[in-house]
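# Descriptive analysis of the structure
Listed here are the chains, written in short residue letters.
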Amino acid sequence: MPYHYIYMYASLPFSFSSFSLSSFFSKKPAPATSSSPSSSSLQLLSSADPWATVAERSAKEPSIAICALIRNESGDLDEWIAFHWLQGVRKFVLYDDQSTDGTPEVLDRYIQRGIVKYRAVNGTAESVEHKTNGTDVNFQMKYLNECLEEALTTREESGIEWVLFSDADEYLYPKGLNTTVAQALDSLYRGQPCICFFRVDFGTSGHIDRPQHGLLIENYVHSAHDIRIEPKKYIINLRPANATEAVSRLGETPHRIYGAHGAYCIEDRIVNFKMNQYLRSLEDYDRKIRSGFFSGIQKYTKDPFKQFWARELNEVLDDSAARGHAQDVRILLRYWLTTEGLGNGLASLLQSRLNISTDEDPRAKDVDRGTDSNAARLDGYPCQVSYKL
């Protein structure tokens, strides 16, 4: 166990550059450099036919962009991007607040393909500057609103129809299988100005150290019961049926919005969609605290581990994300590596964490999913697993 969080473990109550969003939104992903198969030959809908054409599906569903601030998320970014690409997200606008873990190097392969737009920002310096000038501007909201404004400005040329405001520890997917977020939005909420999702907290599943194998969605499969839902996260329609209801900006937090005339957002209370927020391991949480990620948030700086235990909920065995999407995430990551040439970082991820070599078909590989030992790991845990979804 790394020395820097031995003390916290012992205290546990149990033993165990220039940037143009306009040009980015209007830019289509770069074409594949290989011809067999091409980038339009990966099926992103289900594992039933993983090599069907993307073109056929893309014509039937809207495109989504994600706007997010990140810091030190390099270990999970490949999976997070692949997971949401499978859900119809075609643009990732990521503001990196002083990452020190190689995040820019991980994202470079996606930047080169036109999937990610990256900007390095300094939230600490901006917060100090605003306080010095007597203003109170949330730098996170400044950038998220910038992202929304540019998406609205370039919506016709970009083809983006929805903008999701999410974090790198949040995974959104429809509850029904054989569909995507993009398709479900189109069939259920077409024309609505915005939808708000309620997040469900996923605990550590008993992981003290960060798991070395398996996907995140496979390693963390215990959550709070659905009734314990956190504040809303929004996805905004850039082309609502009633233009007067268009959302013009986010509020003072990502959990509030403003429309031109008070747009009404439909609440999806874990009915058609799930948004999982992953606490991850104690080691991950410790690193996040030490990185200053929560600086300025009083409840975290005053008593960070009180907040840890507030979110460390393992009441429900819920492996729906892994069962429904892990196989396709593996297929896509391998495909990007072998066909798109996305670099050595993906090779390392596939070979070490996912036990997949570049010359193997992940559908035929009996991989270590990381979930078999979760039940044993939770023996003696201070909460009882009493449900299975």
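Residues numbered from 1 in each chain as written. Predicted model: local features only at pLDDT ≥ 70, side-chain atom pairs only at ≥ 80, totals over all residues. Heavy atoms only, no water.

## Description of the overall build of the chain
The condition that has to hold: The helix count covers DSSP runs of H or I at least four residues long, the strand count covers runs of E at least two residues long, and both are numbered beginning at the N terminus. Summary of the burial criterion: residues with accessible area below 20% of their type's maximum are buried, those above 50% are exposed, and those between are partly exposed, where the area comes from a 1.4 Å probe applied to protein chains only. Surface accessibility follows the Shrake-Rupley procedure with a 1.4 Å probe radius. Residue values consider only the protein chains on display as shielding.
Across its full length, the chain holds 16 helices and 14 strands. Within the span of the chain, comprising 389 residues, buried residues form 52% of the whole. Entry remark: accessible area of the chain is about 16900 Å², with carbon and sulfur atoms responsible for 49%.

## Structural notes on the pairing of strand β6 (residues 194-202)
Selection rule: DSSP bridges decide pairing: two strands pair if at least two such bridges lie between them.
Counted residue by residue, β6 has nine buried out of nine residues, so it is predominantly covered. One ladder, built from three bridges, connects β6 with strand β11 (residues 266-268); its direction is parallel. Residue C196 lies in a different strand from β11, and its bridge partner there is E267. Inspection of the sheet shows β6 paired to strand β12 (residues 273-278) by four bridges, in the parallel sense. Counterpart to V200 in the pairing with β12 is N276.

## Overview of the state of the cysteines
Which entries qualify depends on this criterion: When the sulfur atoms of two cysteines come within 2.5 Å, that pair is taken as a disulfide.
Summed over the entire model, instances satisfying the criterion amount to two disulfides. Each sulfur of the disulfide joining C67 and C147 lies 2.0 Å from the other. The S-S bond linking C67 to C147 shows a torsion near -65 degrees; that makes this disulfide left-handed. With C67 in strand β1 (residues 63-70) and C147 in helix α7 (residues 139-153), this pair connects stretches of sequence that are 80 residues apart.

## Regarding the confidence of the model for the chain
In plain terms, the rule: A score between 0 and 100, pLDDT records how confident the predictor is in each residue. It only takes one pair of heavy atoms within 4.5 Å for two residues to be counted as in contact.
Chain-level statistics for the chain give a pLDDT mean of 74 and a share of 61% at 70 or above. Considering only residues more than four positions removed or in separate chains, one finds that residues 1-19, a stretch of pLDDT under 50, has 35 contacts.

## As for the packing of aromatic side chains
To keep it simple, the criterion reads: Classification of ring pairs uses Phe, Tyr and Trp, with its six-membered ring standing for Trp, and accepts pairs whose centres are within 6.5 Å; under 30 degrees between planes counts as stacked, over 60 as edge-to-face, and the remaining range as tilted. In our convention, an over-ring charge means Lys NZ or Arg CZ found within 6 Å of a ring centre and within 35 degrees of that ring's normal.
One pass over the full model with this rule turns up 10 aromatic pairs. Through successive ring pairs, a cluster of aromatic residues spans F83, Y171, Y173, F202 and Y278. The ring of W85 carries the charged tip of R90 above its face, separated from the ring centre by 4.2 Å.

## Points about the pattern of salt bridges
The following threshold applies: The salt bridge definition used is simple: a Lys or Arg side-chain nitrogen within 4 Å of an Asp or Glu carboxyl oxygen.
Using the criterion set out here, one finds 21 salt bridges in the structure. R311 is the partner of D201 in a salt bridge, and the nearest nitrogen-oxygen pair spans 3.7 Å. A residue pair is termed long-range when its members are at least 10 positions apart, and D201 in strand β6 and R311 in helix α13 (residues 304-311) qualify at 110 residues. With respect to burial, D201 and R311 carry one shared label: buried. The partner of R330 in a salt bridge is E218, and the shortest N-O contact between them spans 2.6 Å. Here R330 is found in helix α14 (residues 320-338), whereas its partner E218 is found in helix α10 (residues 216-219), with 112 residues between them in sequence.

## Some remarks on empty space enclosed by the protein
Put simply, the rule reads: For cavity detection a 1 Å grid was placed over the protein atoms alone, and a set of points counts as a cavity when a 1.4 Å probe fits there but cannot get out; an open set counts as a pocket when protein lies on both sides within 12 Å along at least five of seven lines, with lining residues being those that have an atom within 4 Å of a point. Grid points are joined across faces, edges and corners, and a volume is the space filled by probe spheres set on the points. Each residue receives one of three labels: charged for Asp, Glu, Lys and Arg, nonpolar for Ala, Val, Leu, Ile, Met, Phe, Trp, Tyr, Cys and Pro, and polar for the others, Gly being one of them.
Each pocket or cavity is described by its volume, and for the largest cavity that value is around 40 Å³. Every residue along the wall of the largest cavity is listed here: D76, R210, P211, L216, N219, Y220, R280, D284 and R353. Residues that form the lining of the largest cavity fall into these classes: three nonpolar, one polar and five charged. Quantified by volume, the second largest cavity comes out at close to 30 Å³.

## What about the packing of helix α11 (residues 282-290) against α13?
As a reminder of what qualifies: Angular values range over 0 to 180 degrees, each being the angle between N-to-C directions of two axes fitted as lines to C-alpha atoms, with helices fitted over their stretch in contact. Crossings are assigned a handedness: left-handed for a near helix turned anticlockwise from the far helix by less than a right angle, right-handed for a clockwise turn.
Relative to each other, α11 and α13 sit at 140 degrees, their axes nearing to 11 Å. Along this stretch, α11 crosses α13, giving a crossing that reads as right-handed. Two secondary-structure elements touch here, α11 through L282, Y285 and I289 and α13 through P304, F305, Q307 and F308. Residues that form the contact of α11 with α13 fall into these classes: six nonpolar, one polar and no charged.

## Overview of unusual backbone geometry
The backbone of Q98 shows a phi angle near 65 degrees, a positive value even though the residue is not glycine. Relative to the helices and strands, Q98 resides in the loop between β2 (89-97) and α5 (103-112). Taking the relative accessible area as the measure of exposure, Q98 reaches 33% and is therefore partly exposed.

## With respect to the packing of helix α4 (residues 74-86) against α14
Cut-off, in case you're wondering: Should an angle lie under 35 degrees it is considered roughly parallel, over 145 roughly antiparallel, and from 65 to 115 roughly perpendicular; all remaining angles are considered oblique.
At a closest axis distance of 9 Å, the pairing of α4 and α14 adopts a crossing angle of 110 degrees. As far as their axial angle goes, α14 and α4 are roughly perpendicular. Residues D78, E79, I81, A82, F83, W85 and L86 of α4 form the contact with α14, whose participating residues are H325, D328, V329, L332, L333 and W336.

## A look at α7
What counts here: For a helix, the expected span equals 1.5 Å multiplied by the residue count minus one.
End to end, α7 covers 21 Å across 15 residues, agreeing with the expected 21 Å (1.5 Å per residue, within 8%). All of the buried residues in α7 are F139, M141, Y143, L144, N145, C147, L148 and A151.

## Notes on the pairing of β12
Among the six residues in β12, six count as buried, and that is most of the element. Bridge count between strand β5 (residues 170-174) and β12: five bridges; the pairing is antiparallel. In the strand pairing of β12, E170 is matched with Q277.

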